[in-house]
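Understanding the architecture of this molecule
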Amino acid sequence: MASTHTNTHRSLVQYVALAVGAVFLLVGVLGFIPGITSNTEHLGMAGHHSGSMLLGIFQVSVLHNVVHLLFGVLGVTLWRSAATAKTFLVVGGIVYLILGFYGVFIDQASAANFVPVNTADNVLHFALGVGMAGLGLALGRNLTPARRIA
């Protein structure tokens, strides 16, 4: 009988995209859990009035958590191909850099802060943007599969 199992080798950029996606999924879920997220009774749909803080540091809302969940789904979906994994990391990184700049230039107490973001979010968004885009570009240069060590 012929085996239908194929031994697929993945590139490092794919594993990084999967890991980033999994972390986004985790953060999205944690944003709804009381105790990990404070003031969940004040978790707003969107906007700067949401009083919930993930880990007591990052201001979150339902919209903010859903965005994390969507990025997570993208990461765990797009990791299957080296090209799409690279695209996820680079484009996702650019989105987070834009979100970081957005957070710096808006008045955080205004209706423009619909995500919502605070200073800690801005720092994290810049770090995510640089990290994701940098990893996507660096690891995506050579899209050959990673070698397995037996």
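Let me sum up the structure you'll find in this document. Since the model is a prediction, treat every value here as computed from it, not as a measurement. (Residues numbered from 1 in each chain as written. Predicted model: local features only at pLDDT ≥ 70, side-chain atom pairs only at ≥ 80, totals over all residues. Heavy atoms only, no water.)

1. Remarks on the environment of Phe32
In this structure, Phe32 sits in the loop between helix H1 (12–30) and strand E1 (37–38). Linking Phe32 and Leu43, residues 11 residues apart in sequence, is a C-alpha distance of 8.3 Å. (Helix = DSSP H or I, 4+ residues; strand = E, 2+ residues; numbered from the N terminus.)

2. Quick look at the environment of Val16
One can find Val16 in helix H1. With 70 residues separating them along the chain, Val16 and Lys86 place their C-alpha atoms 9.2 Å apart. Apart from residues lying up to four places away in sequence, Val16 is in contact with Leu89, Leu135 and Leu139. (Contact = heavy atoms within 4.5 Å.)

3. Concerning helix H3 (residues 82–105)
The terminal C-alpha atoms of H3 lie 35 Å apart, and with 24 residues this matches the ideal 34 Å at 1.5 Å per residue to within 8%. Those residues of H3 that are buried are in contact with H1, helix H2 (62–78) and helix H4 (119–139). Structurally, the start of H3 carries an N-cap: the backbone nitrogen of Ala83 is 3.3 Å from a side-chain oxygen of Ser81. (Expected span 1.5 Å × (residues − 1). Polar contact = N/O pair within 3.5 Å; in protein donor to acceptor, adjacent residues only side chain to side chain.)

4. Looking at the packing of H1 against H2
Across the interface, H1 lies against H2 with an axial gap of 7 Å and an inter-helix angle of 155°. In terms of orientation, H1 and H2 fall into the roughly antiparallel class. Note on packing geometry: the crossing formed by H1 with H2 is left-handed. Contact residues: Ala17, Leu18, Gly21, Ala22, Phe24, Leu25, Val27, Gly28 and Val29 in H1; Asn65, His68, Leu69, Phe71, Gly72, Val73, Gly75 and Val76 in H2. A per-class count over the contact of H1 with H2 returns 11 nonpolar, 6 polar and no charged. (Axes fitted to C-alpha atoms, helices over the stretch in contact; angles between N-to-C directions. Parallel < 35°, antiparallel > 145°, perpendicular 65-115°, else oblique. Left-handed = near helix turned anticlockwise from the far one by under 90°. Nonpolar A, V, L, I, M, F, W, Y, C, P; charged D, E, K, R; others polar.)

5. Details of H4
Given a rise of 1.5 Å per residue, 21 residues ought to cover 30 Å, and the 30 Å separating the end C-alpha atoms of H4 matches this to within 8%. When H4 is considered as a whole, its buried residues turn out to be Asp121, Asn122, His125, Gly129, Met132, Ala133 and Gly136. Down the axis of H4, the buried side of the element spans an arc of 105°, and every buried residue falls inside it. Facing away from the buried side of H4 by more than 90 degrees, the exposed set consists of Thr119, Val123 and Val130. Contacts from the buried residues of H4 go to H1, strand E3 (58–60), H2 and H3. Of the residues flanking the start of H4, the one acting as N-cap is Asn118, its side-chain oxygen 3.2 Å from the backbone nitrogen of Ala120. (Buried < 20%, exposed > 50% of the residue type's maximum accessible area, 1.4 Å probe, protein only. Arc of directions from axis to C-beta.)

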